[in-house]
Amino acid sequence: MSFVETFRTVPMEILTGIAQGASSARVQAALNARRLTLEDFAALISPAAGDLYLENMAQRSARLTQQRFGKVIRLFAPLYLSNECINNCLYCGFSRDNPILRVTLSLEEVCRETEALLAQGFRNLLLVAGEHPKFIPVDYLETCVREVHARTPSVSLEVGPLDVEDYRRMVAAGADGLVVYQETYNRQVYQEMHVSGPKRDFDYRLATPERAYAAGFRRLGIGPLYGLADWRYEAIAAAAHALYLLKHCWKAFLTISFPRLRPCAGEFQPRTQMKDRDLVQLICAFRLLLPDVGLVLSTRESPALRNGVLPLGITLISAGSHTEPGGYTGAGRDKLHLTERGRIRELAAGASEWAGAGSGATGQFQIADERSAEEVAEFIRRLGYEPVWKDWDAALTA
């Protein structure tokens, strides 16, 4: 049974009730549990847990992370292939109706971006693109994966959902990881946020990690986008999803990300708030529930928050990131074009006023941690941890 069917049986109303109103005694019971349940997790993200037990949770989370992962932090970098997109998603800078500067990198330009990231030390790259069958067809993605994999051992994808056969092509080309954010697990909010395009299909997106696993991906990454619906609801749903994947896709390594909405083209404002303290509490709760799952924190968060949270449970971070195609080398600037709405607005206001600063393509969102990769690595060393740029190679064959 797919998680699509399983999710319908998860008692979300009961669990969110626990998350909103758990007593101190209920939280203590969760902390004393030998093996946590989804109900225990809900108690650990409650206001009572945050007010009375956060320090306790943080200490336990830090110890558990060191026991399972050692004192290491893996580093990765996103490489944006294209900001073209056929979907109209209200919260995304790449949304079809946003009048932004758009570009799709050529294969040569993708290789230039790759070499620039390799020069910084990265050996773990995440290829990111919008969803558009004309500008980002499967053949293009497959070729990009093959060329990037020829230069670096670990290649992951964050692109529009594909079917099993197309994912098999990606795996054969060298991709080993697949990241897909459900954005929101709340069906009603999901429909409100996704106005048009194939991304409106909630169930197809929800089953994406299972199709990727069937195709042979060895890493799976999930997570909601915090800011669209109540963060406790989203966290419980993501925890239920993770537990399902650990049971049914057990050969793959699982990661959970904690992206919070950031400013982007379109000026969408978060519908709900998740404070820094809430984020810290959530990271600790996930570590206590899932001791062996990788936890990811990106450059969406500020340097101060990332520095403080690293020892508590995070195992994988991005650094020196750009969220626009060609961001590392300026590749693709000669091919920039405006959407049709963009051309109309350009005549009235001038592209530089609405497309964002700089002369390159528009990014998906504004990053908060602008430190270079080496600056982040140096902080990790000062913390007493080891920054890991490369953690595996494909097995040699005769």
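For the structure, check the block above.
Residues numbered from 1 in each chain as written. Predicted model: local features only at pLDDT ≥ 70, side-chain atom pairs only at ≥ 80, totals over all residues. Heavy atoms only, no water.

Asks: I keep staring at the overall build of the protein and nothing clicks. Help me out?
Replies: Counting its secondary structure elements, the protein contains 18 helices and 13 strands. At 21 Å, the protein has a C-alpha radius of gyration in line with the 21 Å of a compact globule built from 398 residues. Counting only C-alpha atoms and orienting by the principal axes, one finds that the protein spans roughly 60 × 55 × 40 Å. With 398 residues in all, the protein has 61% of them scored as buried. Here the contacts in the protein between residues at least 6 apart in sequence split such that 78% fall between residues at least 24 apart. Carbon and sulfur atoms make up 51% of the accessible area of the protein, which amounts to about 16,500 Å² in all. Each charge sign in the protein was given a centre, from 45 positive and 46 negative side chains, and these centres are 4 Å apart. (Helix = DSSP H or I, 4+ residues; strand = E, 2+ residues; numbered from the N terminus. Rg over C-alpha atoms; globule rule 2.2 N^0.38 Å. Buried < 20%, exposed > 50% of the residue type's maximum accessible area, 1.4 Å probe, protein only. Contact = heavy atoms within 4.5 Å. Areas by Shrake-Rupley, 256 points an atom, 1.4 Å probe, with all protein chains shown as cover. Lys, Arg positive; Asp, Glu negative; His and termini not counted. Charge placed at Lys NZ, Arg CZ, Asp CG, Glu CD.)

Asks: Please clarify how the packing of aromatic side chains should be interpreted in this entry.
Replies: Aromatic rings in a pair are described by how distant their centres are and how their planes are angled relative to each other. Summed over all chains, the structure comprises nine aromatic pairs. Among the aromatic residues, those joined into a ring-pair cluster are Phe-3, Phe-7, Tyr-185 and Tyr-244. Sitting above the plane of the Tyr-204 ring, Arg-211 keeps its charged end 3.7 Å from the centroid. The ring of Phe-365 carries Arg-300 above its face, with NZ or CZ at 3.8 Å from the centroid. (Phe/Tyr/Trp six-rings, centres within 6.5 Å; stacked < 30°, edge-to-face > 60°. Lys NZ or Arg CZ within 6 Å of the ring centre and 35° of its normal.)

Asks: When you look at the pairing of strand S9 (residues 253-257) in this model, what are you seeing that I'm missing?
Replies: Within S9, four of the five residues are buried, which leaves the element mostly enclosed by the surrounding structure. Direction of pairing for strand S8 (residues 219-222) relative to S9: parallel, over a ladder of four bridges. Bridge pairing links Leu-220 to Leu-254 in S9. Running through helix H13 (residues 231-248), the crossover from S8 to the neighbouring parallel element S9 is right-handed. Here S9 runs beside strand S10 (residues 294-297); their pairing, made up of three bridges, is parallel. When the bridges of S10 are listed, Ser-257 appears paired with Val-296. As a crossover connection, the stretch from S9 through helix H14 (residues 276-289) into S10 is right-handed. (Pairing = 2+ DSSP bridges. Right-handed = clockwise from strand over helix to strand, strands pointing away.)

Asks: Would you mind showing me how to read the environment of Arg-277 here?
Replies: You can see Arg-277 is positioned in helix H14. Along the backbone, Arg-277 and Leu-305 are 28 residues apart, and their C-alpha atoms lie at a distance of 9.7 Å.

Asks: I tried to follow the side chain of Arg-300 on my own but got confused; where do I start?
Replies: Along the chain, Arg-300 turns up in the loop between S10 and helix H15 (303-309). Glu-158 provides the closest opposite charge to the buried, salt-bridge-free Arg-300, at an N-O distance of 6.5 Å. At 3.0 Å, the side chain of Arg-300 and the backbone oxygen of Arg-260 are in polar contact. When near neighbours in sequence (up to four residues on either side) are disregarded, Arg-300 contacts Leu-225, Pro-259, Arg-260, Leu-261, Arg-262, Phe-365 and Ala-368. (Salt bridge = Lys/Arg side-chain N within 4 Å of Asp/Glu carboxyl O. Polar contact = N/O pair within 3.5 Å; in protein donor to acceptor, adjacent residues only side chain to side chain.)

Asks: Help me understand helix H6 (residues 54-69), please; the structure alone is not making it clear to me.
Replies: With 16 residues, H6 extends 22 Å between its outermost C-alpha atoms, agreeing within 8% with the 22 Å of an ideal straight helix rising 1.5 Å per residue. Every buried residue of H6 is listed here: Leu-54, Met-57, Ala-58, Ser-61, Ala-62, Leu-64 and Thr-65. The inward-facing, buried residues of H6 abut helix H3 (24-32), helix H4 (38-44), helix H5 (47-52) and H14. Two residues or fewer after H6 comes Gly-70, characterised by a positive phi angle close to 75°. (Expected span 1.5 Å × (residues − 1).)

Asks: What am I meant to see in unusual backbone geometry here?
Replies: Negative phi is the rule for most residues except glycine; trans is the rule for most peptide bonds. The phi dihedral of Glu-183 is positive, around 75°, even though this residue is not glycine. Overall, Glu-183 belongs to the buried group, its relative accessible area being 9%.

Asks: What's the story with the packing of helix H9 (residues 164-173) against helix H12 (residues 208-215) in this structure? I'm lost.
Replies: Each pair of packed helices can be described by the angle between their axes along with the distance between the axes. Contact pair H9 / H12: the axes reach a minimum separation of 8 Å and the direction vectors enclose 55°. One way to sum up the angle between H9 and H12 is to call them oblique. The chirality of how H9 crosses H12 is right-handed. Together, Val-164, Tyr-167, Arg-168 and Val-171 of H9 and Thr-208, Arg-211, Ala-212, Ala-214 and Ala-215 of H12 make up the contact between the two elements. (Axes fitted to C-alpha atoms, helices over the stretch in contact; angles between N-to-C directions. Parallel < 35°, antiparallel > 145°, perpendicular 65-115°, else oblique. Left-handed = near helix turned anticlockwise from the far one by under 90°.)

Asks: Any chance you could explain the packing of helix H2 (residues 12-21) against H13 here in plain terms?
Replies: Running from N to C, H2 and H13 point in directions that differ by 125°, and their axes come no closer than 10 Å. In terms of orientation, H2 lies oblique with respect to H13. Relative to H13, the crossing made by H2 is right-handed. Note on element contacts: H13 touches H2 through Arg-232, Tyr-233, Ile-236 and Ala-237, opposite Met-12, Leu-15, Thr-16, Ala-19 and Gln-20. The residue inventory of the contact of H2 with H13, partitioned by class, reads six nonpolar, two polar and one charged. (Nonpolar A, V, L, I, M, F, W, Y, C, P; charged D, E, K, R; others polar.)

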